[in-house]
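# Geometric and topological summary
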Amino acid sequence: QVQLVESGGGLVQAGGSLRLSCAASGRTFSTYAMGWFRQAPGKEREFVGAISRYGSTYYADSVKGRFAISRDNRNNMVTLQMNRMKSQDTAVYYCATGPTYTSRTPADYSNWGQGTQVTVSS
């Protein structure tokens, strides 16, 4: 019912910025909280941040103050703005639909995109 496609990944230097987008299809996008997760090689999937259907945000401590999530319900789009990036930010980034923006648990999220690779060079 809901399909998600991430885009905007690529190579960026440490200290630089990158903007990821998540495009959603379906008629119920505005009813979902949207989460961003990332997964580095050999690591478990990690919560990055989430946004409620109204725009309230919640971030992991590792990215708080550097990353910002926004959404445009009119265009079924969620954005992850990443600033002052670090090598530790290197991972595949995923967006997903969720029941609440306060959840950090991947199992609470239902629809997932294919992911987009982000590589930070140092």
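This section reports on the structure supplied with the text. Residue numbers restart at each chain and count upward from 1, following the sequence in its written direction. pLDDT decides what is reported in this predicted model: residues at 70 or higher carry local features, side-chain atom pairs at 80 or more are listed and counted, and totals for whole chains, interfaces and linings draw on all residues regardless. Water and hydrogen atoms were dropped before computing side-chain values, which therefore reflect all heavy atoms in the structure.

## Some points on the sheet that holds strand β2 (residues 10-13)
Defined as follows: Two strands form a pair only when DSSP identifies at least two bridges running between them. Strands here are runs of E lasting at least two residues and helices are runs of H or I lasting at least four, both read from the DSSP assignment and numbered beginning at the N terminus. Lines fitted to C-alpha atoms define the axes, with helix axes restricted to the stretch in contact, and inter-axis angles between N-to-C directions lie between 0 and 180 degrees.
If you walk across this open sheet you meet the 6 strands as β2-β10-β9-β4-β5-β6, and the pairing is mixed. Since the sheet does not close on itself, it has two edges, and those belong to β2 and β6 (57-59), each with one partner. Each strand of the sheet is rotated relative to its neighbour by a mean of 25°, with strand direction disregarded. For strand β5 (residues 46-51) and β6, the ladder comprises 3 bridges, and the chain directions are antiparallel. Across the sheet, the residue bridging to A50 is Y58, located in β6.

## So, the environment of R38
What counts, and what does not: Note on contacts: a residue pair is in contact if any heavy atoms of the two residues lie within 4.5 Å. Two N or O atoms form a polar contact when they lie within 3.5 Å of each other; inside protein one atom must be a possible hydrogen donor and the other a possible acceptor, and for residues adjacent in sequence the pair counts only when both atoms belong to side chains.
With respect to the helices and strands, the residue R38 is situated in strand β4 (residues 33-39). Considering only alpha carbons, one finds R38 and Q81, 43 residues apart in sequence, at a separation of 14 Å. Not counting residues up to four positions away in its chain, the partners in contact with R38 are E44, R45, E46, V48, S62, V63, F67, Q88, D89, A91, V92 and Y93. Polar contacts involving the side chain of R38 include one to the side chain of D89, which spans 2.8 Å.

## Structural notes on the side chain of T116
Structurally, T116 can be placed in strand β10 (residues 116-121). A distance of 3.1 Å separates a polar side-chain atom of T116 from the backbone nitrogen of G9. For T116, the residues in contact, after removing those within four places along its chain, are E6, S7, G8, G9, L20, A91, V92 and Y93.

## Notes on the sheet that holds strand β3 (residues 18-25)
The 4 strands are arranged β1-β3-β8-β7 in an open sheet whose pairing can be described as antiparallel. In the strand order of this sheet, the two ends are held by β1 (3-7) and β7 (67-72), each with one partner. Going across the sheet, the axis of each strand differs from the next one's by a mean of 15°, ignoring polarity.

## Looking at the pattern of salt bridges
Inclusion rule: Throughout this description, the term salt bridge denotes a Lys or Arg side-chain nitrogen within 4 Å of a carboxyl oxygen of Asp or Glu. For every residue, the accessible area obtained with a 1.4 Å probe (protein chains only) is divided by the maximum for its type, and the residue is called buried under 20%, exposed over 50%, and partly exposed between those limits.
Using the criterion set out here, one finds 4 salt bridges in the structure. Between R38 and D89 there is a salt bridge, with the nearest N and O atoms lying 2.8 Å from each other. One end of the pair, R38, is in strand β4; the other, D89, is in the loop between β8 (77-82) and β9 (91-98), with 51 residues separating them in the sequence. Pair check on accessibility: R38 and D89 agree, each one buried. In this structure, the salt-bridge partner of D72 is R74, at a minimum N-O distance of 3.3 Å. With a relative accessible area of 23%, D72 lands in the partly exposed category. By sharing partners, the salt bridges in this structure join R38, E46, R66 and D89 into a single network.

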